[in-house]
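Examining the three-dimensional arrangement
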Amino acid sequence: MILAKQQQRRKDKKFQLLFEESPQPIWVLDSRGKEFLAVNRAAVRLYGYSQEEFRGLALNSLQTEEESRRFVAKMNETEHATPSSWRHRTKSGLMLEVEISTSSIR
């Protein structure tokens, strides 16, 4: 039992490292797809918000309200949606064309 817990902790640390150090921006959104629960360093660099600031943001802070609704609908279409293009706004107001892939986690 102790060995299994140790192995699980090592596995969790590896996944955390993959998430944090990925060169691609990664977010974890709540199940409604509106609030950021976690973001990696690449997302912080790209969008200009700190991790703490991201956790206080709603998705529509990066997207228009219409795009936000469309994104949530797209997330609900399938568990592993195909990549799609979106327009996002950085903290400085710069508009970006981004490609997003989604998947559900529990």
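Just so it is clear, the structure is predicted and the values come from calculations on it, not from any experiment.

Quick look at the confidence of the model for the protein now. Chain-level statistics for the protein give a pLDDT mean of 86 and a share of 95% at 70 or above. Across the protein, the element-wise mean pLDDT spans from 80 in helix α4 (residues 65–77) up to 97 in helix α2 (residues 41–47).

Looking now at the nonpolar core. In terms of nonpolar packing, the biggest core is built from 16 residues, with W27, F36, Y47, F54, L62 and F71 touching the most fellow members. Among the elements of the structure, β1 (27–29), β2 (36–39), α2 and β4 (95–103) are those that each provide at least two residues to this core. No other element matches β4, which puts 3 residues into this core. Not counting residues up to four positions away in its chain, the partners in contact with F36 are W27, V28, L29, F54, R55, L57, A58, L59 and L62.

Attention shifts here to a positive patch on the surface. A cluster of basic residues, K5, R9, R10, K13 and K14, forms a positive patch on the protein surface. Positionally, K13 belongs in helix α1 (residues 2–21). Residue classification places K13 among the exposed residues on the basis of a relative accessible area of 64%.

Here we take up the side chain of S22. Turning to its location among the elements, S22 is positioned in the loop between α1 and β1. In terms of polar contacts, S22 uses its side chain to reach the backbone amide nitrogen of Q24, at 3.1 Å.

Moving on, we come to the pattern of salt bridges. For side chains bearing opposite charge, pairing can occur when the charged atoms are close. Overall, the coordinates contain 6 salt bridges when judged by the stated rule. E97 is the partner of R87 in a salt bridge, and the nearest nitrogen-oxygen pair spans 3.0 Å. A residue pair is termed long-range when its members are at least 10 positions apart, and R87 in strand β3 (residues 80–89) and E97 in strand β4 qualify at 10 residues. Judged by relative accessible area, R87 falls into the partly exposed class, the value being 37%.

Turning our eyes to something else, we now look at the packing of aromatic side chains. Per the counting criterion, the structure on display carries 6 aromatic pairs. Relative to F36, the ring of W27 has its centre 5.1 Å away and its plane inclined at 85°; by these criteria the two rings are edge-to-face. Per residue, the accessibility class of W27 equals that of F36, and both read buried. Here Y49 and F54 contribute two aromatic rings whose centre-to-centre distance is 5.5 Å and whose plane-to-plane angle is 65°, an arrangement assigned as edge-to-face. Each residue in the set W27, F36, Y47, Y49 and F54 is aromatic and connected to the rest through ring pairs, giving one cluster.

The next point concerns α4. Think of an α-helix as 3.6 residues a turn; residues three or four steps apart then line up on the same face. A rise of 1.5 Å per residue sets the reference length of α4, with its 13 residues, at 18 Å; its end C-alpha atoms lie 19 Å apart and thus fit the reference within 8%. For α4, the complete set of buried residues consists of E67, S68, F71, V72 and K74. Within α4, the buried residues cover an arc of 160° as seen down the axis, which keeps them to one side. For α4, the exposed residues lying more than 90 degrees away from the buried face are E66, R69, N76 and E77.

The rules behind the values
- Residues numbered from 1 in each chain as written.
- Predicted model: local features only at pLDDT ≥ 70, side-chain atom pairs only at ≥ 80, totals over all residues.
- Heavy atoms only, no water.
- pLDDT = per-residue confidence, 0-100.
- Helix = DSSP H or I, 4+ residues; strand = E, 2+ residues; numbered from the N terminus.
- Core = buried A, V, L, I, M, F, W, Y, C linked by side-chain atoms within 4.5 Å.
- Buried < 20%, exposed > 50% of the residue type's maximum accessible area, 1.4 Å probe, protein only.
- Contact = heavy atoms within 4.5 Å.
- Patch = residues over 30% accessible without salt bridge, like charges linked within 9 Å, V, L, I, M, F, W, Y side chains within 5 Å.
- Areas by Shrake-Rupley, 256 points an atom, 1.4 Å probe, with all protein chains shown as cover.
- Salt bridge = Lys/Arg side-chain N within 4 Å of Asp/Glu carboxyl O.
- Lys, Arg positive; Asp, Glu negative; His and termini not counted.
- Charge placed at Lys NZ, Arg CZ, Asp CG, Glu CD.
- Polar contact = N/O pair within 3.5 Å; in protein donor to acceptor, adjacent residues only side chain to side chain.
- Phe/Tyr/Trp six-rings, centres within 6.5 Å; stacked < 30°, edge-to-face > 60°.
- Expected span 1.5 Å × (residues − 1).
- Arc of directions from axis to C-beta.

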